[in-house]
Amino acid sequence: MRISALLLLFCSLLFSALPARAVVVIAAEIPPYVIRSNQGAPSGMVIEVLEEAARRLKEPLTIELMPLARALSQARYRRNVLLVPPVRSPQRDPQFLWIVPLMDEAFVLVSHRQYHPTPLTINALPGLTVGVMRGSFGQSLLRPYPQVKQALVAEEIHNADKLALGRIQGWAVAWNSARYNQQQAGLPLADLVRGETLQHSPLYLAASPHFPTAEATRWYQTIAAMRDDGSLARIIKQYDYQAP
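Residues numbered from 1 in each chain as written. Predicted model: local features only at pLDDT ≥ 70, side-chain atom pairs only at ≥ 80, totals over all residues. Heavy atoms only, no water.

A. Molecular detail of the pattern of salt bridges. According to the stated counting rule, one finds nine salt bridges in the structure shown. Here Arg88 and Asp93 are joined by a salt bridge, their closest N and O atoms 2.5 Å apart. Between Arg218 and Glu215 there is a salt bridge whose closest N-O contact spans 2.9 Å. Here Arg218 and its partner Glu215 are both found in helix H7 (residues 213-229), three residues apart, which amounts to about one turn of the helix. Through salt bridges with shared partners, one network takes in Glu52, Arg55, Arg56 and Asp229. (Salt bridge = Lys/Arg side-chain N within 4 Å of Asp/Glu carboxyl O. Helix = DSSP H or I, 4+ residues; strand = E, 2+ residues; numbered from the N terminus.)

What follows is the structure, given as structure tokens:
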């Protein structure tokens with residue numbers, strides 16, 4: 001009897017000493033929300049929000065960076081992974097568990113002051129070439145307009161370069177992403193002309209479809225508390241975030 005009790009005590013001590021299993025976060029590389037670092041851990045608005053939430057939850061994180069299209073595909077089929085920072089849409093809605101919105105965004109048409117100083121509108125797009133990131137929400141917003149020629153890129157920074165060179169006449173993109181990538185390309189923010197808003201949409205913390213409900217609730221409550229105490233706003237303000 002004493003031996004059995006000792007074995008039970010030993011097992012409980014052993015398992016309590018094991019490190020907690022890290023929560024896997026699939027993060028689509030979309031600066032400034034998710035930024036790959038040349039050295040060290042990734043950064044960005046969303047990454048810092050998740051890291052603070054994980055600290056409060058006492059949950060270790062493993063962050064896997066990948067292009068947007070791959071991130072969306074991986075999160076659909078892998079079990080128990082978080083996903084940032086997708087936009088919720090009718091097409092994507094049944095594919096993921098949508099835990100909590102993180103920040104609001106405006107998806108807009110952008111032009112270059114030198115080539116198209118008048119703010120772009122949907123009605124002005126036919127005959128123009130518009131840059132979009134492959135698999136992005138900006139690309140999906142142009143689907144109802146088949147007469148618009150889309151130029152696909154893997155990263156938004158290439159659209160900043162192409163817009164400055166006159167190779168595209170418009171850019172369908174989240175406004176904060178346009179501003180960040182313009183600066184990363186070494187180009188003046190003043191050259192960007194903000195045009196028509198295609199849609200206001202929040203960026204989400206989502207998860208694979210069968211992510212545990214209890215865990216999702218914990219993440220929701222923690223990020224909601226961060227919003228209430230102002231820490232979420234303080235984090236994203238560091239990235240010169242402009243609310244829609």
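From this point, the narrative continues.
B. Highlighting the sheet that holds strand E6 (residues 149-153). As summarised here, the arrangement of the eight strands in space is E2-E1-E3-E8-E4-E7-E5-E6, forming an open sheet in which the pairing is mixed. A single partner strand is all that each edge strand has here, and the edge strands are strand E2 (61-66) and E6. Within this sheet the neighbouring strands show an average axis-to-axis angle of 25°, counted without direction. Most of the contacts of H7 go to strand E4 (residues 97-112), to which it runs at about 55°, and overall it touches strand E1 (23-28), E2, strand E3 (81-84), E4 and strand E8 (192-207). (Pairing = 2+ DSSP bridges. Axes fitted to C-alpha atoms, helices over the stretch in contact; angles between N-to-C directions. Contact = heavy atoms within 4.5 Å.)

C. Molecular detail of the confidence of the model for the chain. Summary statistics for the chain give a mean pLDDT of 91 and a share of 92% for residues scoring 70 or more. For the stretch residues 5-19, pLDDT sits under 50, and the model shows zero contacts to residues farther than four places along the chain or on other chains. (pLDDT = per-residue confidence, 0-100.)

D. Local environment of the side chain of Ser201. Here Ser201 lies in strand E8. Residue Ser201 is classed as buried on the basis of its relative accessible area, which comes to 4%. When residues no more than four places from it in sequence are discounted, the contact partners of Ser201 are Val87, Met103, Asp104, Glu105, Phe107 and Phe137. (Buried < 20%, exposed > 50% of the residue type's maximum accessible area, 1.4 Å probe, protein only.)

E. Looking closely at the UniProt feature "domain: Solute-binding protein family 3/N-terminal" (unreviewed entry) in the chain. The feature "domain: Solute-binding protein family 3/N-terminal" (unreviewed entry), as given by UniProt, occupies residues 24-239 in the numbering adopted here. Here residues 24-239 is 33% helix and 29% strand, with 24 Å between the C-alpha atoms at its ends. (UniProt positions renumbered as here; feature names shortened; annotations may be inferred.)

F. Seen up close, helix H5 (residues 156-165). Burial in H5 covers these residues: Glu156, Asn159, Ala160, Lys162 and Leu163. Those residues of H5 that are buried lie in contact with E4, strand E5 (129-133), E6, strand E7 (170-174), helix H6 (175-184) and E8. Within two residues after H5, Gly166 carries a phi angle of roughly 80°, on the positive side.

G. How the structure looks around the environment of Ile223. Secondary-structure assignment places Ile223 in helix H7. Taking the C-alpha atoms as reference, Ile223 lies 13 Å from Met45; in sequence the two are 178 residues apart. Residue contacts for Ile223: discarding those within four places in its chain leaves Leu50, Ala53, Val100, Leu102, Leu205 and Leu232.

H. Representation of the packing of helix H2 (residues 45-57) against H7 within the structure. Here H2 crosses H7 at 110°, and the two axes come no closer than 10 Å. With respect to their mutual orientation, H2 and H7 come out roughly perpendicular. Crossing handedness for the pair H2 and H7: right-handed. Along the contact surface, H2 presents Val49, Leu50, Glu52, Ala53, Ala54, Arg56 and Leu57, while H7 presents Arg218, Trp219, Thr222, Ile223, Ala225, Met226 and Asp229. Residues belonging to the contact of H2 with H7 are distributed by class as follows: nine nonpolar, one polar and four charged. (Parallel < 35°, antiparallel > 145°, perpendicular 65-115°, else oblique. Left-handed = near helix turned anticlockwise from the far one by under 90°. Nonpolar A, V, L, I, M, F, W, Y, C, P; charged D, E, K, R; others polar.)

I. Quick peek at the environment of Val81. The topology assignment puts Val81 in strand E3. Between the C-alpha atoms of Val81 and Pro126, which are 45 residues apart in sequence, the distance is 40 Å. Apart from residues no more than four positions distant in its own chain, Val81 is found in contact with Val24, Ile26, Ala75, Ala207, Ser208 and Phe211.

J. Spatial organisation of the environment of Asp93. Secondary-structure assignment places Asp93 in the loop between E3 and E4. Polar side-chain contacts of Asp93 include one of 2.5 Å to the side chain of Arg88. (Polar contact = N/O pair within 3.5 Å; in protein donor to acceptor, adjacent residues only side chain to side chain.)

K. Expanded view of the nonpolar core. Grouped together as the largest cluster of nonpolar side chains are 67 residues, with contacts concentrated most on Leu205, Trp219 and Ile223. By residue number, the principal contributor to this core is H2, which donates eight residues. Looking at which domains feed residues into this core, each of domain 1 (23-104 + 202-238) and domain 2 (105-200) gives three or more. In this structure, Ala106, Val108, Trp171 and Leu192 belong to the second largest nonpolar core, which totals 12 residues. (Core = buried A, V, L, I, M, F, W, Y, C linked by side-chain atoms within 4.5 Å. Domains from an automatic or database assignment.)

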